[in-house]
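# Overview (structure and organization)
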Amino acid sequence: MGVRTLRLGAVLLAGFAFAGAAVASATVAQEAPIVATGAVPDDASKAAILARLREVFGAARVVDQITVGGVVAPPRWAEQVQRSIGPQLKTVSAGSLSVDGTQVALNGTVSSDAQRKTVASDVASGFNNQFVVKNGLAVAAGEQQLLDETLGNRIVEFESGKATLTPAGQVILDEMAKALLSVRGRRVEIIGHTDSDGSRTSNLALSQARANEVQRYLVAKGAEQGMLSTTGMGPDRPVASNATPEGRARNRRIEFRVLAQ
């Protein structure tokens, strides 16, 4: 049996197939329907995969086209497929995740090399050591590269516990405002992140407030408000360990992502 595909939008998760037996797949896109198709061995597997898709992408976006029966899956198949579907896949555009036997192929475009490694690592962690994951993700060029290079490895700083930019943070955003003039006609998402100190609820609110403040500042510097959207991720996507002061400082950051058209 060949691998079937599921199309959910900008991100394609091509069929999860084990030795040509069980097949299940889904594609993902920002704000687009998540159409889940393919064949699974039993109702429990189907329910588990759909539950995970709904948890990650929202129940209203998931369209169920999965069939049951006619395939055989190895032990804990559905559990491993579930674990491979995570929020990290939202950061991949024009991509695919395929599992054929014990060979896993991850393809698509991400905004930075660090993200490339993180997404592949997160996907690989969903499978046991029988599986081999091939990371075919590419780093976006063009507009995204321009924004990444403008930000560099610097952190947009805020006053502690507040959504008030420091003078150093304003200097970085002054440069970013100029860079945004070169990406007119594209939508850019401003993503706020925090470390894990404090409650998740308060950190989500703080990260959103900081992203909103970055948007306000950039618009005041000449950026088009309609091209900028904001998201607060709180502590959910760390890039370093929160066990050290250095790691927590790296996690308190603002990211800029050029969105697919």
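### A few points about the overall build of the protein chain
- Summing up its helical and strand segments, the protein chain has seven helices and 11 strands in all.
- Split into buried and exposed, the 261 residues of the protein chain put 47% on the buried side.
- Here the analysis covers contacts within the protein chain between residues at least 6 apart in sequence; of these, 65% occur between residues at least 24 apart.
- A total accessible area of about 11900 Å² is found for the protein chain, and carbon and sulfur atoms account for 51% of it.

### What about the packing of aromatic side chains?
- On inspection of all chains with the given rule, the structure shows one aromatic pair.
- Relative to Phe 131, the ring of Phe 127 lies with its centre 5.0 Å away and its plane at 40°, an arrangement referred to as tilted. Take Phe 127 and Phe 131: they sit in the same class, and that class is buried.

### Details of the pairing of strand 10 (residues 228–234)
- One ladder, built from six bridges, connects strand 9 (residues 188–193) with strand 10; its direction is parallel. Residue pairing across strands places Ile 190 opposite Thr 230, the latter belonging to strand 10.
- Handedness of the β-α-β unit built from strand 9, helix 6 (residues 200–220) and strand 10 comes out right-handed.

### Description of the side chain of Asn 203
- For Asn 203, the position within the fold is in helix 6.
- Its relative accessible area of 6% is what places Asn 203 among the buried residues.
- Among residues more than four places away in sequence, those in contact with Asn 203 are Thr 194, Asp 195, Ser 196, Asp 197, Gly 198, Gly 234 and Pro 235.

### A short note on the pattern of salt bridges
- One pass over the structure, following the stated rule, counts 14 salt bridges.
- Salt bridges here are not isolated pairs; linked through shared partners, they connect Arg 76, Glu 79 and Arg 83.

### Some thoughts on the sheet that holds strand 9
- One open sheet holds the three strands; their spatial order is 10-9-11, and the pairing between them is mixed. With partners counted over all chains shown, the strands left at the sheet margins are strand 10 and strand 11 (254–258), one partner each. Neighbour-to-neighbour, the strand axes of this sheet turn through a mean angle of 25°, independent of strand direction.
- Along the sheet, helix 4 (residues 143–151) makes contact with strand 9 and strand 11, crossing strand 11 at roughly 165°.
- Across the sheet, helix 6 is in contact with strand 9, strand 10 and strand 11; its angle to strand 10 comes to roughly 155°.

### A few points about the nonpolar core
- The biggest cluster of nonpolar side chains holds 25 residues, and the ones touching the most others in it are Ile 49, Leu 53, Ile 85, Leu 106 and Val 123.
- Among the elements that make up this core, the one with the highest residue count is helix 1 (residues 43–57) (five residues).

### A look at the side chain of Arg 237
- Along the polypeptide, Arg 237 turns up in the loop between strand 10 and helix 7 (245–251).
- Setting aside its immediate chain neighbours within four residues, Arg 237 contacts Pro 87, Lys 90, Thr 91, His 193 and Arg 253.

### So, the environment of Lys 178
- Secondary-structure assignment places Lys 178 in helix 5 (residues 167–180).
- By relative accessible area, Lys 178 is classed as exposed at 63%.
- In the structure, Lys 178 is positioned 28 residues away from Thr 150 in sequence and 9.4 Å away in space, judged by C-alpha atoms.

### As for helix 2 (residues 77–84)
- The complete set of buried residues in helix 2 reads Trp 77, Ala 78, Gln 80, Val 81 and Ser 84. Each buried residue of helix 2 lies within a common arc of 165° when the element is viewed along its axis, so the set occupies one face.

### Notes on the packing of helix 1 against helix 2
- Direction vectors running N to C along helix 1 and helix 2 enclose 10°, while the axes themselves pass 9 Å from each other. Classified by the interaxial angle, the pair formed by helix 1 and helix 2 is roughly parallel. The residues of helix 2 that touch helix 1, namely those facing Ser 45, Ala 48, Ile 49 and Arg 52, are Trp 77, Ala 78, Val 81 and Gln 82.
- Of the residues assigned to the contact of helix 1 with helix 2, the class counts are five nonpolar, two polar and one charged.

### Notes on the environment of Phe 256
- If you trace the backbone, Phe 256 turns up in strand 11.
- For Phe 256, a relative accessible area of 3% corresponds to the buried category.
- In this structure, the C-alpha to C-alpha distance between Phe 256 and Met 176, residues 80 residues apart in sequence, is 9.5 Å.
- Aside from chain neighbours lying at most four places away, what touches Phe 256 is Gln 144, Leu 147, Asp 148, Leu 151, Leu 173, Met 176, Val 188, Glu 189, Ile 190, Val 214 and Leu 218.

### Re the packing of helix 4 against helix 5
- Between helix 4 and helix 5, whose axes approach to 9 Å, the crossing angle comes to 160°. Considering the angle they form, helix 4 stands roughly antiparallel to helix 5. For the pair helix 4 and helix 5, the crossing hand works out as right-handed. Packed against helix 4, whose contacting residues are Leu 146, Leu 147, Thr 150 and Leu 151, the element helix 5 presents Ile 172, Glu 175, Met 176, Ala 179 and Leu 180 at the interface.

How each quantity is defined
- Residues numbered from 1 in each chain as written.
- Predicted model: local features only at pLDDT ≥ 70, side-chain atom pairs only at ≥ 80, totals over all residues.
- Heavy atoms only, no water.
- Helix = DSSP H or I, 4+ residues; strand = E, 2+ residues; numbered from the N terminus.
- Buried < 20%, exposed > 50% of the residue type's maximum accessible area, 1.4 Å probe, protein only.
- Contact = heavy atoms within 4.5 Å.
- Areas by Shrake-Rupley, 256 points an atom, 1.4 Å probe, with all protein chains shown as cover.
- Phe/Tyr/Trp six-rings, centres within 6.5 Å; stacked < 30°, edge-to-face > 60°.
- Pairing = 2+ DSSP bridges.
- Right-handed = clockwise from strand over helix to strand, strands pointing away.
- Salt bridge = Lys/Arg side-chain N within 4 Å of Asp/Glu carboxyl O.
- Axes fitted to C-alpha atoms, helices over the stretch in contact; angles between N-to-C directions.
- Core = buried A, V, L, I, M, F, W, Y, C linked by side-chain atoms within 4.5 Å.
- Arc of directions from axis to C-beta.
- Parallel < 35°, antiparallel > 145°, perpendicular 65-115°, else oblique.
- Nonpolar A, V, L, I, M, F, W, Y, C, P; charged D, E, K, R; others polar.
- Left-handed = near helix turned anticlockwise from the far one by under 90°.

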